Amino acid sequence: MRALEDDFDRPKEECGVVGFWTHPEMKAEVARMAFFSLYALQHRGQESAGMAVSDGNLVTMHKGMGLVSQVFDETAMTNLKGHFGIGHNRYSTTGDSHVRNAQPYHVSTLHGPLSVAHNGNVTNAAALRKALMERGVGLMSTSDTEVITQYLAAPVPFKDRTAPRWEQRLAQLLDVAEGAYSLVVMTRDCLYAMRDPLGMRPLCLGRLKNRDGKVMGWMVASESSALLTLGAKHLREVGPGEIIRIDKNGITTVKPPVAEKSTAMCIFEHVYFARPDSKIEGQTVQVVRQRMGTQLAKEAPAEADVVFGVPDSSLPSAMAYAEATGLPQTEGLIKNRYIGRTFIEPTQEMRENKVRLKFNALRENLEGKRVVMIDDSIVRGTTMYQLVRLVREAGKAKEVHVRIASPPINNPCYMGVDLASREHLMAAQMDVDAMCKAIGADSLAFLSPEGLHKAVRGDEPKPCGHCDACFTGNYPVDVSFFEESDAKRQFEL
Ligand code: SF4
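From a predicted model like this one, the values you see are computed outputs, not experimental measurements.

So, on to the overall build of the protein chain. Summing up its helical and strand segments, the protein chain has 19 helices and 23 strands in all. For the protein chain, with 493 residues in total, the buried portion stands at 58%. Considering only contacts in the protein chain between residues 6 or more positions apart, those separated by 24 or more positions represent 69%. Counting every atom, the protein chain has about 20,400 Å² of accessible surface; 52% of that belongs to carbon and sulfur.

See the structure below:
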């Protein structure tokens, strides 16, 4: 079943993960903490949610399709007992939209329970899947997370089979798995957190204290905004290629991170995915988006009367663009924040102009004016076409100048973000002038790739590298398997 949000032309978020370990004597309500942290990460995945909680003996799990608030109720929460656990919000990038692909994954092993939740996309999952099957391992789903779980449960045999050696298993996974993955892994007595060597997906670490200031334990989450929600102190990010263990002894780095200069953090986290109040690479996303707006103003000023942003992710860029150009900022569009998750089918007429279900133009602020409309990206261009029409027809704007706070998206993402296939990406099919005509704007301009990197790095250059493949085609991992599949699909079409 499709939610209305799925029809909007936006990049689809990846997933959100959380993990907790608390001292048993602190009697922390880990399931409730996981619930509220997943709630804080709802923007990263709205298709399914789940959590697994353990008291060291018994693992209880609950997962289902829908939003966090739809999947968990009081009965489910009461049954989830334990002092450590992991949780997950999913948007499917690999695998079908089906509850069997919802996470966490859980299996029983010779060495006790193993639960795994994962954010990203393992680009060589097909090869790992085949290798597992050749070793006699059966798989039940199409998700790469199951491949990871089974790979950890049934690694290439170690000499000593009597010890669990989870840390070697995780390190071995790091050696063979390619692509993007931030993992939280729960075993019988501890929590592990790990990021792929390129550090493509974020993962951060925080400390939990109780009301008396005593350390209750620690948590990891895809974004620091989830830590803030629980009042946890943001300690640091889990480094690229780093494996950490959290248990009764505290935090131990099992495998140190790789050198930051060889990393490829997804730059789209800064553009669109992450919450503006999250810190990524030591920077608050809101501030980075403001720098994008300032840079965009330098690169693409417009002769206009007012500036406004398409709510919500482009609002910081619009604010900074207005400040840098000296144009007044206004509200041009009001967003209905709840319509996107409805599963009720609109009428055909409504569907043809679905932007009206989500946005209303503020005629009082726009009528007769030359407006600059800032958005964060254009994927297929269908939503932007409708937005321009809305601003012209309902808002009565005299001219609509569209400015995009990121470069044109020319290439698909194979690392866990659902942008669109190449033949559906507007910028892959036409140049900027043709795009401008197609969306019906008076002018259209994008931030340059160099300008985006400059905005992300800020005044103090960061040592870390970024993936910008959807803008430049420079993939940090081998994606030939996917490109061959795409070419075959286009030929079949
Ligand atoms: Fe992020 Fe784009 Fe790279 Fe995908 S291709 S990981 S969306 S920067």
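Once you've had a look at it, read on.
Turning to the sheet that holds strand β11 (residues 233–237), a few remarks are in order. With antiparallel pairing, seven strands are arranged side by side in an open sheet as β3-β2-β4-β1-β10-β9-β11. Only two strands of the sheet have a single neighbouring strand rather than two, namely β3 (59–65) and β11. Averaged over all neighbouring strand pairs, the angle between strand axes comes to 15°, with direction disregarded. Contacts from helix α1 (residues 30–40) reach β1 (15–22), β2 (48–54), β4 (84–90), β9 (204–209) and β10 (215–221) within the one sheet, and its direction differs from that of β1 by about 155°.

Ranked by internal contacts, the top residues of the largest apolar core, which has 47 residues, are Phe-268, Met-292 and Met-415. Looking at which domains feed residues into this core, each of domain 1 (12–263) and domain 2 (286–463 + 478–492) supplies at least three. The residues contacting Met-415, other than those within four sequence positions of it, are Gly-120, Asn-121, Thr-123, Ala-180, Met-200, Arg-201, Cys-467, Tyr-475, Pro-476, Val-477 and Val-479.

Let us look at the site of the ligand. Taken together, Met-200, Arg-201, Cys-266, Ile-267, Phe-268, Cys-413, Met-415, Val-417, Cys-467, Asp-468, Ala-469 and Cys-470 make up the full set of residues near the ligand. Of the residues belonging to the shell around the ligand, the class tally is 10 nonpolar, no polar and two charged.

Moving on, we get to the packing of aromatic side chains. Applying the stated criterion across every chain, the model contains seven aromatic pairs. When the ring of Phe-268 is compared with that of Phe-273, the centres are 5.4 Å apart and the planes differ by 40°; the resulting orientation is tilted. A residue is classified by how much of its surface remains accessible, and Phe-268, at 2% relative accessible area, is buried. Between Phe-268 and Phe-471, the ring centres sit 5.7 Å apart and the planes meet at 15°, which makes this aromatic pair stacked. Of this pair, Phe-268 sits in helix α8 (residues 268–273) while Phe-471 sits in helix α18 (residues 469–472), placing them 203 residues apart in sequence. Summarising the burial analysis for this pair, Phe-268 and Phe-471 share the class buried. An aromatic cluster is present here, built from Phe-35, Phe-36, Tyr-39 and Phe-72 joined pairwise through their rings. Across from the ring centre of Tyr-105, 5.0 Å away, lies the NZ or CZ of Lys-63, which sits over that ring.

The subject of this paragraph is the packing of helix α9 (residues 285–299) against helix α17 (residues 449–457). Two quantities define a packed helix pair, namely the angle between the helix axes and the distance between the axes. Interhelical geometry of α9 versus α17 gives an angle of 145° and a closest axis separation of 8 Å. For the pair α9 and α17, the sense of crossing is right-handed. In this structure, α9 contributes Val-288, Arg-291, Met-292, Gln-295 and Glu-299 to the contact, and α17 contributes Gly-451, Leu-452, Lys-454, Ala-455, Val-456 and Arg-457. Residues belonging to the contact of α9 with α17 are distributed by class as follows: five nonpolar, two polar and four charged.

The next thing to look at is the pairing of β10. Note on strand geometry: in a regular strand, side chains alternate between the two faces of the sheet. In terms of burial, β10 is a largely internal element, six of the seven residues being buried. Note: β9 against β10, six bridges, orientation antiparallel. Bridging across to β10, Leu-205 finds its partner in Val-220. Hairpin connection of β9 to β10: five residues between the antiparallel strands, including Gly-213 at a positive phi of 85°.

Quick look at helix α5 (residues 144–153) now. With nine of 10 residues buried, α5 is to be regarded as a mostly interior element. Restricting attention to buried positions, one finds in α5 the residues Asp-144, Thr-145, Glu-146, Val-147, Ile-148, Thr-149, Gln-150, Tyr-151 and Leu-152. In this structure, the buried residues of α5 make contact with β5 (105–109), β6 (112–122), α4 (125–134), α6 (166–176) and β7 (179–186).

Let us look at the sheet that holds strand β20 (residues 370–375). The four strands are arranged β17-β20-β21-β22 in an open sheet whose pairing can be described as parallel. The two strands at the open ends of the sheet, each matched to only one other strand, are β17 (306–309) and β22 (443–446). Taking the axes of each pair of neighbouring strands and ignoring which way they run, one obtains an average angle of 20° across the sheet. Across six bridges, the pairing between β20 and strand β21 (residues 399–404) is parallel. The partner of Asp-375 across the bridge, within β21, is Ile-404.

All right, on to the pairing of β22 then. Across the two faces of β22 the burial is the same, with Ser-443 and Ala-445 and Leu-444 and Phe-446 all buried. As defined by bridge partners, β21 adjoins β22 across four bridges and the pair is classed as parallel. Considered in β22, the bridge of Arg-403 is made with Ala-445.

The linkage connecting Gln-103 with the following residue, Pro-104, adopts the cis geometry, with an omega of 5°. Relative to the assigned elements, Pro-104 resides in the loop between β4 and β5. The linkage connecting Pro-311 with the following residue, Asp-312, adopts the cis geometry, with an omega of 5°. Inspection of the secondary structure puts Asp-312 in the loop between β17 and α10 (315–325). With phi around 60°, Lys-396 is a residue other than glycine that occupies positive phi space. Mapped onto the elements, Lys-396 comes out in the loop between α14 (382–393) and β21. Among the residues examined, Lys-396 registers a relative accessible area of 37% and is labelled partly exposed.

On the secondary structure map, Arg-195 appears in strand β8 (residues 191–195). Take Arg-195: its relative accessible area is 3%, and that puts it in the buried class. Residues Arg-195 and Val-184 lie 11 residues apart in sequence; the distance between their C-alpha atoms is 9.1 Å. Among the polar contacts made by the side chain of Arg-195, one reaches the main-chain carbonyl oxygen of Arg-201 at a distance of 2.7 Å. Engagement of the side chain of Arg-195 in a polar contact is seen with the backbone oxygen of Val-238, the distance being 2.5 Å.

Calculation rules
- Residues numbered from 1 in each chain as written.
- Predicted model: local features only at pLDDT ≥ 70, side-chain atom pairs only at ≥ 80, totals over all residues.
- Heavy atoms only, no water.
- Helix = DSSP H or I, 4+ residues; strand = E, 2+ residues; numbered from the N terminus.
- Buried < 20%, exposed > 50% of the residue type's maximum accessible area, 1.4 Å probe, protein only.
- Contact = heavy atoms within 4.5 Å.
- Areas by Shrake-Rupley, 256 points an atom, 1.4 Å probe, with all protein chains shown as cover.
- Pairing = 2+ DSSP bridges.
- Axes fitted to C-alpha atoms, helices over the stretch in contact; angles between N-to-C directions.
- Core = buried A, V, L, I, M, F, W, Y, C linked by side-chain atoms within 4.5 Å.
- Domains from an automatic or database assignment.
- Near = heavy atom within 4 Å.
- Nonpolar A, V, L, I, M, F, W, Y, C, P; charged D, E, K, R; others polar.
- Phe/Tyr/Trp six-rings, centres within 6.5 Å; stacked < 30°, edge-to-face > 60°.
- Lys NZ or Arg CZ within 6 Å of the ring centre and 35° of its normal.
- Left-handed = near helix turned anticlockwise from the far one by under 90°.
- Polar contact = N/O pair within 3.5 Å; in protein donor to acceptor, adjacent residues only side chain to side chain.

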